[in-house]
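# Examination of the molecular architecture
The primary structure of each chain is shown beneath.
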Amino acid sequence: METFASLLHGFSLAFTPLNLMWCALGVTIGTAVGVLPGIGPSLALALLLPVTGNLVDPTSAFIMFAGIYYGAMYGGSTTSILLNAPGEPSSIATTIDGHAMARTGRAAQALATAAIGSFVAGSIATAALTFVAPSLAKLALLFGPAEYFALMVVALTTVTAVLGDSLTRGFGSLFFGLALGLVGIDLQSGQARFALGVPELLDGIDVVIVAVGLLAVGETLYAASRHIHDGETVSRVTGSLWLSREDWRRSWKPWLRGTAIGFPIGALPAGGSEIPTFLSYMTEKRLSKNPEEFGKGAIEGVAGPEAANNASAAGVLAPLLSFGLPTSATAAIMLTAFQQFGVQPGPTLFTKNPDLVWGLIASLYIGNVFLLVLNLPLVGLWVRLLAIPTPWLYAGILVFATLGAYTLNNNLVDLVILWVIGIVGFGMRVIGMPVAPAVVGLIIGPLLEQQFRRALAISQGDPSVFVTHPIAATLLGLAIVLVIAPALLRRRSHREPAGVVHGIV
Amino acid sequence: MSAWNAERLGTAVIGAGLASLGLFIGWETTAMPAGPAYAAVGPRAFPALIGIALVVIGLLHVRMAVRQGASADDARYDTRAVAWIAGTLIVQMILLRWVGWIPAATLVFVGVCRAFGSRRPGRDALIGVVLAAGTFVLFNLVLGLNLPLGEWVEPLRGR
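Rules behind the numbers
Residues numbered from 1 in each chain as written. Chains lettered and ligands numbered in written order. Predicted model: local features only at pLDDT ≥ 70, side-chain atom pairs only at ≥ 80, totals over all residues. Heavy atoms only, no water. Helix = DSSP H or I, 4+ residues; strand = E, 2+ residues; numbered from the N terminus. Buried < 20%, exposed > 50% of the residue type's maximum accessible area, 1.4 Å probe, protein only. Axes fitted to C-alpha atoms, helices over the stretch in contact; angles between N-to-C directions. Parallel < 35°, antiparallel > 145°, perpendicular 65-115°, else oblique. Left-handed = near helix turned anticlockwise from the far one by under 90°. Contact = heavy atoms within 4.5 Å. Nonpolar A, V, L, I, M, F, W, Y, C, P; charged D, E, K, R; others polar. Salt bridge = Lys/Arg side-chain N within 4 Å of Asp/Glu carboxyl O. Polar contact = N/O pair within 3.5 Å; in protein donor to acceptor, adjacent residues only side chain to side chain. Expected span 1.5 Å × (residues − 1). Core = buried A, V, L, I, M, F, W, Y, C linked by side-chain atoms within 4.5 Å.

## Considering the overall build of chain B
Scanning chain B for helices and strands turns up five helices and zero strands. In sequence order, chain B lays out its α and β elements as α-α-α-α-α. Relative to its full complement of 159 residues, chain B shows a buried share of 41%.

## Overview of the packing of helix α4 (residues 101-115) of chain B against helix α5 (residues 121-142) of chain B
Residues and elements named next belong to chain B. The geometry of α4 relative to α5 is characterised by a closest axis approach of 8 Å and an angle of 140° between their N-to-C directions. As far as their axial angle goes, α5 and α4 are oblique. For the pair α4 and α5, the crossing hand works out as right-handed. Across the interface between the two elements, Trp101, Ile102, Ala105, Thr106, Phe109, Val110 and Cys113 from α4 touch Pro121, Asp124, Ala125, Ile127, Gly128, Val129, Leu131, Ala132, Ala133, Thr135 and Phe136 from α5. Here the residues of the contact of α4 with α5 are counted per class, giving 14 nonpolar, three polar and one charged.

## Notes on the interface of chain B and chain A
Across the contact, 60 residues belong to chain B and 65 residues belong to chain A. Between arginine 169 of chain A and glutamate 7 of chain B there is a salt bridge; the shortest N-O distance is 3.5 Å. On the surface where chain B and chain A come into contact, there are eight residue pairs in polar contact (both at pLDDT 80 or more). Those elements that place two or more of their residues in the side of chain B that touches chain A are α1 (6-30), α2 (45-67), α3 (79-99), α4 and α5 of chain B. If one sorts the elements of the side of chain B that touches chain A by residue count, α1 of chain B sits on top with 11 residues. Broken down by class, the residue content of the side of chain B that touches chain A amounts to 44 nonpolar, nine polar and seven charged.

## Points about helix α13 (residues 329-340) of chain A
Residues and elements named next belong to chain A. Its 12 residues give α13 an end-to-end C-alpha distance of 17 Å, which sits within 8% of 16 Å, the value for a rise of 1.5 Å per residue. For α13, the full list of buried residues reads Ala329, Thr330, Ala331, Ala332, Ile333, Met334, Leu335, Thr336, Ala337 and Phe338. Where α13 is buried, its residues touch α3 (41-52), α4 (58-83), α9 (207-225), α12 (300-323), α15 (354-375) and α19 (436-458). In the segment just after α13, glycine 342 is the residue with positive phi, at about 70°.

## What about the nonpolar core?
With 211 residues, the main nonpolar core has Phe65, Phe175, Val212 and Phe466 of chain A together with Ile85 and Trp101 of chain B as its most contacted residues. Contacts of phenylalanine 466 of chain A, omitting those with residues within four sequence positions, involve Ala146, Phe149, Phe452, Ala455, Leu456, Ala472, Ala473 and Leu476 of chain A. If you look at the next biggest cluster of nonpolar residues, it comprises six residues, including Ile92, Ala93, Phe294 and Ala298 of chain A.

## Structural notes on the pattern of salt bridges
Residues and elements named next belong to chain A. This structure, assessed with the given rule, holds 10 salt bridges over all chains. Between glutamate 293 and arginine 250 there is a salt bridge, and its shortest N-O distance comes to 2.8 Å. Of this pair, glutamate 293 sits in the loop between α11 (274-287) and α12 while arginine 250 sits in helix α10 (residues 245-267), and the two are 43 residues apart along the sequence. According to the relative accessible area criterion, arginine 250 is buried, its value standing at 19%. Note that arginine 453 and glutamate 449 form a salt bridge whose closest N and O atoms lie 2.8 Å from each other. Pair noted here: arginine 453 and glutamate 449 are both in helix α19, with a separation of four residues, about one helical turn. Accessibility classification places arginine 453 together with glutamate 449 in one group, the buried group. One network of salt bridges, in which partners are shared, links Asp186, Arg193, Glu449 and Arg453.

## Quick word on unusual backbone geometry
Within the chain, asparagine 410 of chain A stands out as a residue other than glycine whose phi angle is a positive 55°. Mapping asparagine 410 of chain A onto the fold places it in the loop between α17 (390-409) and α18 (412-431).

## Description of the packing of α18 of chain A against α3 of chain B
It is at 10 Å that the axes of α18 of chain A and α3 of chain B come closest, and there the two elements cross at 175°. The angle between α18 of chain A and α3 of chain B places the two elements in the roughly antiparallel class. Between α18 of chain A and α3 of chain B, the contacting residues are Leu412, Leu415, Val416, Trp419, Ile423 and Phe426 of chain A on the first element and Val82, Ala86, Leu89, Ile90, Met93, Leu96 and Arg97 of chain B on the second. Residues that form the contact of α18 of chain A with α3 of chain B fall into these classes: 12 nonpolar, no polar and one charged.

In structure tokens form, the structure reads like this:
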């Protein structure tokens, strides 16, 4: 089995003391980032990107990044359960019953089922990734420019159509990102575009600046404007973290079902983990013998979504590694990181950089074990992070945001761009426009244009390539359905209250 | 006519912004050389498509804002807090090279705390200085980045 041999090789790389240390550092930062409200994994990665460039070799850097990514998924549950404030949109479903459990003195059990469920789901989904990603990479070899173009269109539409409850706003965000992606020298003709005569803009607008501007500056402005700093009460964790036999009995099926829901949806170019977590929640509620318990502290309502959350996080890595296709804001930042290290994710990654990709995958298994330890016996330490006063938390975030933006190229123009994007991000938050499409659009936009022009160059300008190639035509058809179907569904359920995911990244 | 709440106003402003961005892209695109004649698609096609889409989406936002009736959402936003943070960041941009990272970052820290309603600037400044100095040491001396020390300090170093 060549996959097994590769994986073993990956473990031999990941088990070096240095890489174990990077992995441990990554999961620790990740958990902290997940726990702290206001910072998510994409922001943490964006801020760390400038630092890692001249510090470590790509394999170690990605081992750390993967640790942050997984860690944030674990840490998010702690905040939602104890503070009733989801740190990431993917934790919203957990908040419903997790916080209800905390209010009735069962915070410890909620944290335990979330951590163990995350471990079970993360491990199974990582195993699935191990086998799915190389096969997907082989499939990706069949893709020409027209197919790639169509696939990217699908990814962009799903990121846009799925998040938030207004298609118009989603597309506004997406095209804002695409427009920012146009800035700089056109790679194919050497033509400078939209640089406004500013030399610093010739290299384009860095995705790090945009991500940090929208997520850190915009979010801080929003939090300040809404006075989200009056004391929230942190629920106390009392009693043993061990689950009773009854809790185990009620948790294990939701864990497995959550995994089964989370991984495939994460792996499809369908973006994010909001959908699988809510699907899992609704599934558990429907299958439960006591659906009336949901919302009042049903352990299934924590176990399922948390498992789905972690499984989808692994799933998102499949298209990223095999197609070079990011389907969430975090994955978009990871793609930038690959580009920064001069590594091209995609079908050739597995043959050209086997050390990096298998070391990365192996470290995901190890990171999961670390995270179980960090989040179960040591959960008390993380709870203390929640005691940081909100002003200091956001002030610290902004100090790091400006640090990250300035050190990227050591120029003040980047700080100006950060400021402008931050104000725009604030406006987007106010009107409930999702920011993830802008980040993904900025990073995919130039790739999309490249494939678009290549496809047309091959066909000598004949645009019918996009409909005569069966794979491309199918994918584009799918994209159209993805735009129209939710709109129709929404129209049918027009009188229902706005979606729960409204207005969150 | 119902009152224009923040969401309506924001939608209109962002819509107008998106449409203007689209027009700007379109205008710049027409001024751009078409690229080599052999290329099936030059550097202009893609920006043109995005420009058109932005104009359409922007106008849809404006229409959404105009048509939207009285909304139950009367969320209030503290514009002074926003102005405090935005202003602090501008001051940081102006001062950063001159005074250096440590004072500039401390200023950001204190300014943001102020915006969040902190009434103890002295204590915030203390935490801010520690954070700013800590990041300066970590990033410049350990990680090899180039946070500015400050132009006024440079002559004192005697180089």
